[in-house]
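Examination of the molecular architecture
Listed below are the residues making up each chain.
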Amino acid sequence: MKVSVIGTGYVGLVTGTCLAETGNEVLCVDIDEVKVEKMQNGVVPIYEPHLDVLFERNIKAKRLKFTTSLEEGLEHGEIIFLALPTPEDEDGSADLKYILGVADDIGKLIKDYKVIVDKSTVPVGTSEKVKAAISKNTDVEFDVVSNPEFLREGFAVDDFLKPERIVVGSDSKKALSIMEKLYKPYVRSGNPIITMDEKSAELTKYAANSFLATKITFMNEIANFCEKVGADVDKVRIGMGTDSRIGKRFLFPGIGYGGSCFPKDVKALHKSGKDNNYDFKILDSVIEVNSKQKTILMPRIASYFNNDLRGKKIAVWGLAFKPETDDIREAPSLYMIDEMLKLGASITAFDPEAMPNVQRKLGSKISFANDMYSALEDADALLICTEWSIFRTPNFEKMRGKMKSSVIFDGRNLYDLEEINNEVQFYSSIGR
Ligand SMILES: NC(=O)c1ccc[n+]([C@@H]2O[C@H](COP(=O)([O-])OP(=O)(O)OC[C@H]3O[C@@H](n4cnc5c(N)ncnc54)[C@H](O)[C@@H]3O)[C@@H](O)[C@H]2O)c1
Ligand SMILES: O=c1ccn([C@@H]2O[C@H](COP(=O)(O)OP(=O)(O)O[C@H]3O[C@H](CO)[C@@H](O)[C@H](O)[C@H]3O)[C@@H](O)[C@H]2O)c(=O)[nH]1
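Cut-off values and rules
All chains use their own residue numbering, which begins from 1 and follows the written sequence. Chains and ligands are labelled by the order in which they are written, letters from A for the one and numbers from 1 for the other. Owing to the predicted nature of the model, reporting of local features is limited to residues with pLDDT of at least 70; listing and counting of side-chain atom pairs is limited to 80 or more, with chain, interface and lining totals taken over all residues. With hydrogens and water set aside, each side-chain value is computed from the structure's full complement of heavy atoms. Put simply, DSSP marks the helices as runs of H or I at least four residues long and the strands as runs of E at least two long, and each gets a number from the N terminus on. Only protein chains enter the area calculation, which uses a 1.4 Å probe; residues under 20% of their type maximum are buried, those over 50% are exposed, and those in between are partly exposed. For the purpose of charge, His is not counted, nor are the chain termini; Lys and Arg are scored as positive and Asp and Glu as negative. To locate a charge, take atom NZ for lysine, CZ for arginine, CG for aspartate or CD for glutamate. Between the N-to-C directions of two axes lies an angle of 0 to 180 degrees, each axis being a line fitted to C-alpha atoms and, for a helix, fitted only over the stretch in contact. Working definition: roughly parallel below 35 degrees, roughly antiparallel above 145 degrees, roughly perpendicular at 65 to 115 degrees, and oblique for all remaining angles. By convention the crossing between two helices is left-handed if the near helix lies anticlockwise of the far one by an angle smaller than a right angle, and right-handed if it lies clockwise. It only takes one pair of heavy atoms within 4.5 Å for two residues to be counted as in contact. Under the scheme applied, nonpolar residues are Ala, Val, Leu, Ile, Met, Phe, Trp, Tyr, Cys and Pro; charged residues are Asp, Glu, Lys and Arg; polar residues are all the others, including Gly. Each domain's extent is set by a domain assignment, obtained either automatically or from a database. What counts as buried area is the accessible surface, traced by a 1.4 Å probe, that two parts surrender upon association, with contributions from both included. What makes a salt bridge here is a side-chain nitrogen of Lys or Arg within 4 Å of a carboxyl oxygen of Asp or Glu, nothing more. UniProt positions are given in the numbering used here, feature names are shortened, and annotations may be inferred rather than shown by experiment. Pairing of aromatic rings covers Phe, Tyr and Trp, the last counted by its six-membered ring, and requires centre-to-centre distances within 6.5 Å; plane angles under 30 degrees mean stacked, over 60 mean edge-to-face, and any other angle means tilted. Throughout this description, the term charge over a ring refers to an Arg CZ or Lys NZ atom that lies within 6 Å of the ring centre and within 35 degrees of the ring normal.

**Concerning the overall build of the chain**
In terms of helices and strands, the chain carries 17 helices and 14 strands. Dimensions along the principal axes, computed over C-alpha positions, put the chain at roughly 70 × 50 × 40 Å. A burial count over the chain gives 55% of its 432 residues as buried. For the chain, the distance from the average position of its 57 positive side-chain charges to the average position of its 66 negative side-chain charges is 2 Å.

**Describing the packing of helix H9 (residues 198-229) against helix H12 (residues 281-293)**
It is the contact of H9 with H12, at a shortest axis distance of 9 Å, that shows an interaxial angle of 55 degrees. In terms of orientation, H9 and H12 fall into the oblique class. By crossing handedness, the relation of H9 to H12 is classed as left-handed. Touching Ser-210, Ala-213, Thr-214, Thr-217, Asn-220, Glu-221 and Asn-224 of H9 are Ile-282, Leu-283, Val-286, Val-289 and Gln-293, all from H12. The class makeup of the residues in the contact of H9 with H12 is 5 nonpolar, 6 polar and 1 charged.

**Observations concerning the domain arrangement of the chain**
As assigned here, the chain comprises domain 1 (2-196), domain 2 (205-293) and domain 3 (298-428). For domain 1 versus domain 2, the distance between C-alpha centres works out to 29 Å. Each partner contributes residues to the interface: domain 1 has 17 residues there, and domain 2 has 11 residues. Summing both sides of the interface, domain 1 and domain 2 together bury roughly 1,100 Å²; the carbon and sulfur share of this comes to 54%. Our count for the domain 1 to domain 2 interface comes out at 2 salt bridges.

**Focus on the UniProt feature "domain: UDP-glucose/GDP-mannose dehydrogenase C-terminal" (unreviewed entry) in the chain**
Under the local residue numbering, the UniProt record ascribes the feature "domain: UDP-glucose/GDP-mannose dehydrogenase C-terminal" (unreviewed entry) to residues 315-417. For residues 315-417, helix accounts for 26% and strand for 17%, while the C-alpha atoms at its two ends are 21 Å apart.

**Overview of the packing of aromatic side chains**
We describe a pair of aromatic rings using the distance from one ring centre to the other and the angle between the two ring planes. Counted according to the given criterion, the structure contains 15 aromatic pairs. Judged by centre distance (6.4 Å) and plane angle (55 degrees), the rings of Phe-160 and Tyr-183 are tilted. In this pair, Phe-160 is assigned in helix H7 (residues 156-161) and Tyr-183 in helix H8 (residues 173-183), connecting sequence segments 23 residues apart. When sorted by exposure, Phe-160 lands in the same class as Tyr-183, which is buried. Look at Phe-409 and Phe-426: their rings are 5.6 Å apart centre to centre, the planes differ by 55 degrees, and that puts the pair in the tilted class. With Phe-409 in strand S13 (residues 407-410) and Phe-426 in strand S14 (residues 426-428), this pair connects stretches of sequence that are 17 residues apart. Taken together through their ring pairs, the aromatic side chains of Tyr-304, Phe-305, Phe-409 and Phe-426 make up a single cluster. One cation-aromatic arrangement involves Lys-174 over Tyr-113; the distance from NZ or CZ to the ring centre is 3.6 Å.

Okay, here's the thing in structure tokens:
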């Protein structure tokens, strides 16, 4: 099938590449000329495991192409995916200016029937707005489909190629059957394509993300309570997670959830509630607890150094908001670095993939190391913000040899308590 994808960020590029992988002819459109030129030259602009192999293969086969022209995109695809940003607006709502701006242009450019598929995360009622924005400029027939994306960064390719479910919301039988044909190769194992109305599809996405964010937040509160009463959250986590009704996943406490989705999506659902005279009390708490959670290690670091970090060198392991990505949107590491700099610390960081993005943001405010051990050179303490696998079993002897003092503040509970206490002079983690 002929498909166009408008917006080639984490979602759009994975969508375009993975759709090409099953034989579709895909044209990706982005307004970022530098990015498009990079992609035309065969460079993947983001770090996402396994994406490079598929990207290269499909470009070679001429099934995957890139342009800055929306007009070309509209001409090429019978299915037009919108994978555009929906960032947090000042009042917490999702800013729809990218989606509605492109919808407006589509109305001016559309010449024959298209299925316009919204893959971005949007509030209930957005499909209606997209339809209105398109039809105000045209009489050509089209359908709008809500097809929220559930991929996780770091596992995006696998999540797209082997989805647990695909949600498609539309009131058009024609559009639904086109979507089912497109997605059939991805659900051969029997996982469902769940069809529903557009509004329910739009809400499914926010409900799923908010539920997962709530699960993490609940666990963060249990972790904080564990510290008050001398319990160990790791033991509690395993004790409760083995109940299949609760499940083992998304129960890991830490220094708060981040990323480009949970923070903004929870706030957007909360704001949608307000706009519709519904007070999402649970989401109020989730937002509040999460913003406190990211501050939880800071007083401990400050108090360890008597509230004065001047002349202290802090090493930071992990900058990305989670492992296996270079994405630093709403990464807890950025908050921590900012606070430590305010107290006068000098910081040397290491992250396997996210350092260029942080360097672009922070410039020379901090230093970057070539590997995890070099970051520890003369450090007074180590702060762990992201649970990259390579940090899990370090050579502690080597660490002690590099650091001025073997002090670790661990925001991700990477180490076994009994073992680590024999290895370092001070260790502080979450809820243990
Ligand atoms: N990142 C994720 O893991 C993820 C997962 C599921 C859903 N989502 C949702 O998908 C949407 C996109 O997220 P993302 O992380 O891929 O965003 P992103 O910021 O990584 O990418 C968006 C892309 O759109 C491009 N763009 C902006 N305006 C444009 C225009 N007028 N025409 C063409 N291109 C334009 C930008 O240049 C950028 O390349 C959001 O609604 C997000 O909430 C994201
Ligand atoms: O037990 C856990 C699991 C996750 N996190 C944190 O939660 C955030 C989000 O993690 P994750 O969900 O793995 O990453 P994302 O790539 O942001 O994916 C979420 O957001 C996407 C965008 O909407 C959705 O498509 C995915 O289904 C949804 O999992 C990160 O800061 C993690 O550190 C925890 O603190 N504890």
